[in-house]
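# Understanding the architecture of this molecule
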Amino acid sequence: MKGEHPDLLLPKPPNLMSETVYSITFSGKDPAGNSASGMVIEAVTFDNSVPVLALQVPNNAVAISSPNLNFSLSENLASGTIIYERTSGVNDSDSPHEVTLTDVELSAGDHNGVTLTNNPTLVNGASYRITLKGTDAAGNAGQPASLSGILYDAVQPVITLSSPGAESFINNLNIAYSLSETLTKGTARWTQIGGKPDSQSPRIVELTVPEMGQGDRSDILTNQTMLTDGAIYTLTMAGYDAAGNEATVVTAENINYDVTQPQFSNISPSEGYTNGRTMSYTLNETLFKGSVVFSNSGGVPDPNSPHNVPLSGNELTSGAHDNIDITEAPELVSGSSYIISFSGVDAAGNRSEEVQIGPLLYDDTPPEITITGPVSGSFINNSSISYELSEVLASGTVTWAPVGGSPQVKTFSGNEIEAGAHLNLTMSDSPSLADGTVYTLTFEGNDNAGNPMERVVVSDVTFDVTPPKINIDFSGSAPSKGLFLYNSPVGLTFSEDMGEVVFRWEREGGSEDPGSPHTLYVTEADLNKGEHSQVQVPGSENVLIGTSYTMFVDGKDKAGNPSKTQKVETVSYTHLRAHETLRYRGWR
């Protein structure tokens, strides 16, 4: 029939093979039998196969952070679209978004994570149905591929770590944190950075599904393992949401994990007396806070008991605290007995067991020591000391400090610390002294309540064990050999300062002398070291004329060291016209 015949379907179509290339020849005759001129169409591909379309979200996620998708085409398309249609969540006024595929986006094969040329602008928080459509060059339309409930999320999740904080001390593994949205994966990592070593560091803890939910939570993580007591850690938390958005890692550094109970030990005084101030104790670790409680247990009533005394500063530090005076000493009642309790808490919250001592009698009177020997400026030839104590000491020392030398600290022991007088005592812990050396003595001590006695210092004490030498010159008393002028001065020379020099006259014969022996002392003014040419010995006038004597001369230096005794025998007085003379027979 004359005219155009578009889309003509032959009544008896040939059985063609899909994907085969044909040449199509047209021929015919009109009713008059005239043959039509022939026409041939070359390279015509017969295709009646429907293109196969596949659509997938990267990693099979239920959320995306960009419009990028994975899709595949079984053959090249003549045209194709991807439609993003909002189905729930935040409103999207531009929905649906129909994206036309272009160029290589229409080619057969896999297209993974493709950034589309005509990428749509989606709304954060909206959920979409995503549909892929396409038609091949033969006009075959593929079965649309569709994904539903795909959340568009381009916002980074936020992890907030509330505790433990940096530089903190903990005794449990509770973690407080919040998540701005639900995570698909989350971890907590404990990395040991100091303290005791942890062979299992880093310890990585996987969060469970409930622990990755949006919101606040505080608990020990389900998969948490025990940490090493005494180790220092850095805690980090990380994770990402369903769309693959990674949270910024949050970190808390220098977390001290401590589950050891603090302990008080070596407490003193533990019995007897207390001054309410001075005490000793040892701590196995530094405390965050601590206290000492004084509770009245007898004796004079204390209406203000108990007294709670907080420890502070260095009183809280680890180690030995020997004979310290606590900063905030309580006002106790003299004559009252107290039970004293020690307790504390470390920085991690571990509590010590309460340690009690006592009862102790309160005594705040310091002991007193009175030194009677040696005294300042004196000379000694031994290390004996004389003193009196007002009460028994718990401890005491004497320090012998030589001028320009190293001091010797000597400790009282045994009966040396008892109350009362101690005369000419040589300490069991006696010093080793050097002849001719000047010392300063310092006396210190504490009573059983810890009260310190006032320090006593004795200075300028000379230790001397060298005997003195005395030279006697009678030449000024005897005008000729065998004559002595009665009551005349003598010459004396000393090798050192003397403590005393004695002339002793003992009767041998002649007239009776009821006053014999006569002991005469050289005056103090004539006892200094060196030569003394005119020494008048007081009392010489009491020696009787007509009596025969033996005369002895003795001396001691200031340290008490005796000189060698000098002796004159058969000394007699005679009455002469011009003089009263003394006749003698040599020295022995």
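From a predicted model like this one, the values you see are computed outputs, not experimental measurements. (Residues numbered from 1 in each chain as written. Predicted model: local features only at pLDDT ≥ 70, side-chain atom pairs only at ≥ 80, totals over all residues. Heavy atoms only, no water.)

With that out of the way, let us pick up the overall build of the protein. When its secondary structure is counted, the protein shows zero helices and 43 strands. Computed over its C-alpha atoms, the radius of gyration of the protein comes to 58 Å, more than 25% above the 25 Å expected for a compact globule of 588 residues. Taken along its principal axes, the extent of the C-alpha atoms in the protein is 215 × 60 × 35 Å. Considering the protein as a whole, with its 588 residues, one finds that 41% of them fall into the buried category. Within the protein, contacts between residues separated by at least 24 positions form 64% of all contacts whose residues are at least 6 apart in sequence. Of note, the protein has its 29 positive side-chain charges centred 12 Å away from the centre of its 69 negative side-chain charges. (Helix = DSSP H or I, 4+ residues; strand = E, 2+ residues; numbered from the N terminus. Rg over C-alpha atoms; globule rule 2.2 N^0.38 Å. Buried < 20%, exposed > 50% of the residue type's maximum accessible area, 1.4 Å probe, protein only. Contact = heavy atoms within 4.5 Å. Lys, Arg positive; Asp, Glu negative; His and termini not counted. Charge placed at Lys NZ, Arg CZ, Asp CG, Glu CD.)

If you walk across this open sheet you meet the three strands as S19-S21-S24, and the pairing is antiparallel. Whereas interior strands pair on both sides, the edge strands pair on one side only; in this sheet they are strand S19 (264-268) and strand S24 (319-325). Taking the axes of each pair of neighbouring strands and ignoring which way they run, one obtains an average angle of 15° across the sheet. Both S19 and strand S21 (residues 278-283) contribute to a ladder of three bridges, which runs antiparallel. (Pairing = 2+ DSSP bridges. Axes fitted to C-alpha atoms, helices over the stretch in contact; angles between N-to-C directions.)

This paragraph deals with the environment of Ala-434. Note on placement: Ala-434 falls in the loop between strand S32 (420-425) and strand S33 (437-447). For Ala-434, a relative accessible area of 34% gives the class partly exposed. Residues Ala-434 and Val-465, 31 residues apart in the sequence, show an inter-C-alpha distance of 9.0 Å. Apart from residues no more than four positions distant in its own chain, Ala-434 is found in contact with Tyr-439 and Phe-463.

With that settled, the discussion passes to the pattern of salt bridges. One pass over the structure, following the stated rule, counts nine salt bridges. The closest approach of N and O atoms between Asp-325 and Arg-277, which form a salt bridge, is 3.8 Å. Residue Asp-325 is located in strand S24, and its partner Arg-277 is located in the loop between strand S20 (272-274) and S21; the two are separated by 48 residues in the primary sequence. According to the relative accessible area criterion, Asp-325 is partly exposed, its value standing at 44%. The structure contains a network of salt bridges with shared partners spanning Arg-504, Glu-506 and Asp-554. (Salt bridge = Lys/Arg side-chain N within 4 Å of Asp/Glu carboxyl O.)

Moving on: the side chain of Ser-341. For Ser-341, the position within the fold is in strand S25 (residues 336-346). Of the polar contacts made by the side chain of Ser-341, one reaches the side chain of Gln-356; its length is 3.4 Å. Beyond its immediate sequence surroundings of up to four residues, Ser-341 is in contact with Ser-291, Val-292, Val-293, Glu-354, Val-355 and Gln-356. (Polar contact = N/O pair within 3.5 Å; in protein donor to acceptor, adjacent residues only side chain to side chain.)

Grouped together as the largest cluster of nonpolar side chains are 25 residues, with contacts concentrated most on Leu-55, Ile-82, Tyr-84, Leu-116, Ile-130 and Leu-132. Every element with two or more residues in this core is listed here: strand S3 (53-56), strand S5 (69-73), strand S6 (79-89), strand S9 (126-135) and strand S10 (145-152). Excluding its chain neighbours within four sequence positions, the residues that come into contact with Leu-55 are Leu-69, Asn-70, Phe-71, Ile-130, Thr-131, Leu-132, Ala-145, Ser-146 and Leu-147. Ranked by size, the runner-up nonpolar core spans 24 residues in total, among them Leu-179, Ala-188, Trp-190 and Val-250. (Core = buried A, V, L, I, M, F, W, Y, C linked by side-chain atoms within 4.5 Å.)

Here the focus is unusual backbone geometry. Working note: non-glycine residues mostly have negative phi, and peptide bonds are mostly trans. The residue after Ser-305, namely Pro-306, is reached through a cis peptide bond having omega 0°. You can see Pro-306 is positioned in the loop between strand S22 (287-299) and strand S23 (307-310). Note that the residue after Gly-358, namely Pro-359, is joined by a cis bond; omega there is 10°. Even without being glycine, Asp-460 reaches a positive phi, approximately 60°.

Turning to the sheet that holds S25, a few remarks are in order. What the five strands build is an open sheet, ordered S20-S26-S25-S22-S23; its pairing is mixed. With one partner strand each, in any of the chains shown, S20 and S23 form the two edges of the open sheet. Pairwise comparison of adjacent strand axes, ignoring direction, gives a mean angle of 40° for this sheet. As paired elements, S22 and S23 share four bridges and run antiparallel to each other. Bridge pairing in S23 places Ser-291 opposite Pro-310.

Inspection of every chain in the model, using the stated rule, returns six aromatic pairs. Seen in terms of ring centroids, Phe-264 and Phe-342 are 5.6 Å apart; in terms of plane orientation they differ by 50°. Their pairing is tilted. Of this pair, Phe-264 sits in strand S19 while Phe-342 sits in strand S25, and the two are 78 residues apart along the sequence. We note that Phe-264, like Phe-342, is buried. Ring geometry for Tyr-281 and Phe-342: centres 6.1 Å apart, planes at 50°, overall tilted. Placement of the pair is Tyr-281 in strand S21 and Phe-342 in strand S25, with a sequence separation of 61 residues. The residues Tyr-281 and Phe-342 share a single accessibility class, namely buried. An aromatic cluster of at least three residues, connected via ring pairs, comprises Phe-264, Tyr-281 and Phe-342. (Phe/Tyr/Trp six-rings, centres within 6.5 Å; stacked < 30°, edge-to-face > 60°.)

Position of Phe-503 relative to the elements: it lies in strand S38 (residues 498-510). Overall, the relative accessible area of 3% leaves Phe-503 in the buried class. Placed 79 residues apart in sequence, Phe-503 and Asn-424 show a C-alpha to C-alpha distance of 28 Å. Residues in contact with Phe-503, not counting those within four places in the same chain, are Val-490, Leu-492, His-518, Thr-519, Leu-520, Val-522, Val-537, Met-551, Phe-552 and Val-553.

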